[in-house]
Each structure stands twice: as structure tokens, then as C-alpha cells.
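The residues making up each chain are set out below.
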Amino acid sequence: MSILKEALGMVETKGFIGMIEASDAMAKAAKVRLIGYEKIGSGYVTTLCVGEVGAVRAAVEAGAAAAQKVGELIGTHVIPRPHDDLNKYIEKISVKLD
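Computed from a predicted structure; not experimentally measured.

Parameters and conventions
Residues numbered from 1 in each chain as written. Predicted model: local features only at pLDDT ≥ 70, side-chain atom pairs only at ≥ 80, totals over all residues. Heavy atoms only, no water. Helix = DSSP H or I, 4+ residues; strand = E, 2+ residues; numbered from the N terminus. Rg over C-alpha atoms; globule rule 2.2 N^0.38 Å. Axes fitted to C-alpha atoms, helices over the stretch in contact; angles between N-to-C directions. Left-handed = near helix turned anticlockwise from the far one by under 90°. Contact = heavy atoms within 4.5 Å. Nonpolar A, V, L, I, M, F, W, Y, C, P; charged D, E, K, R; others polar. Pairing = 2+ DSSP bridges. Buried < 20%, exposed > 50% of the residue type's maximum accessible area, 1.4 Å probe, protein only. Phe/Tyr/Trp six-rings, centres within 6.5 Å; stacked < 30°, edge-to-face > 60°.

So, about the overall build of the protein. Secondary structure summary: the protein contains 3 helices and 4 strands in total. Mapped from its N terminus to its C terminus, the protein presents α and β elements in the order β-α-β-β-α-β-α. In terms of overall dimensions, the protein is globule-like: its C-alpha atoms have a radius of gyration of 12 Å, near the 13 Å expected for 98 residues. Taken along the three principal axes of its C-alpha coordinates, the protein extends 35 × 30 × 25 Å.

This part takes up the packing of helix H1 (residues 16-29) against helix H2 (residues 53-70). Where H1 meets H2, the axes come as close as 7 Å, and the angle between the chain directions of the two elements is 145°. Where H1 crosses over H2, the two elements pack in a sense that is right-handed. Residue-level contacts link Ile17, Gly18, Glu21, Ala22, Ala25, Met26 and Ala29 of H1 to Ala58, Ala59, Val60, Ala62, Gly63, Ala66, Ala67 and Val70 of H2. Residues of the contact of H1 with H2, tallied by class, amount to 12 nonpolar, 2 polar and 1 charged.

A word on the sheet that holds strand S1 (residues 7-14). An order of S2-S3-S1-S4 is seen for the 4 strands of this open sheet, with the pairing classed as antiparallel. The open sheet terminates on both sides in strands that have one partner only, identified here as strand S2 (32-41) and strand S4 (72-79). Direction aside, the axes of adjacent strands within the sheet are offset by 15° on average. Note that S1 and strand S3 (residues 44-51) share 8 bridges and pair antiparallel. Note on S3: the bridge partner recorded for glutamate 12 is threonine 46. H1 rests against S1, S2 and S3 of the sheet, and its axis sits at about 165° to S2.

Okay, unusual backbone geometry next. Positioned with a positive phi, serine 42 is a non-glycine residue whose angle comes to about 55°. Assessed through its relative accessible area of 66%, serine 42 is described here as exposed.

For the rest of this paragraph, the subject is the packing of aromatic side chains. Both the distance between ring centres and the angle between the ring planes are used here to describe each pair of aromatic rings. Evaluated as defined, the whole model comprises 1 aromatic pair. Ring centres 5.8 Å apart and planes at 75° place the aromatic pair phenylalanine 16 and tyrosine 37 in the edge-to-face group. Taken as a pair, phenylalanine 16 in helix H1 and tyrosine 37 in strand S2 lie far apart in primary sequence, 21 residues in all.

Pasting the structure below:
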């Protein structure tokens, strides 16, 4: 099954604590599923979520605000309808849930 049949939201921080804080806020702010995170290097970490477009936008905004309170926010982005070809990248980092 394709992970990306829904909107994709991303919050990038510098530091793991900021990413955890952002992820927590994202999960609490809207009905989204956290699908994983990726360590980029040099302390940069990106957390990803999926859901309906409005929920993902709200979650990303909440995550960004939370990350700024405890660390350094690098950037955010929402892709409303990701292309199917992105699945091969996202599946590599998504959390495998039973």
C-alpha cells in the first residue's frame, strides 16, 4: 500500500530534542500519523507525518512552533499530493508498524 496517498508534512530541526518536541506537538495538534524521521547529518533531523491536507498543515505549524521553543527550526514543508515515485524514498525511512 502506498504511504503517500495523503498529504506529506515535514519539519526539519537542528538537534534531536527539537525533532522530538516537534513530533510530539504534531501528533497532538491534528489527526496525522507520524511515519518516521531522518538524520540528515551535522545535527539536522527531519520528522515526517501524513494525513489530510488541513490536518497536516496544522500539525506542521504546531511542530514548528514547538521546535523553536527548545531548539533551532530549520524549515517546514507540506506536499498536498505527493507523486507516487516518492514512495520509494519514504518507505526507506518510515516506521514499520505491525
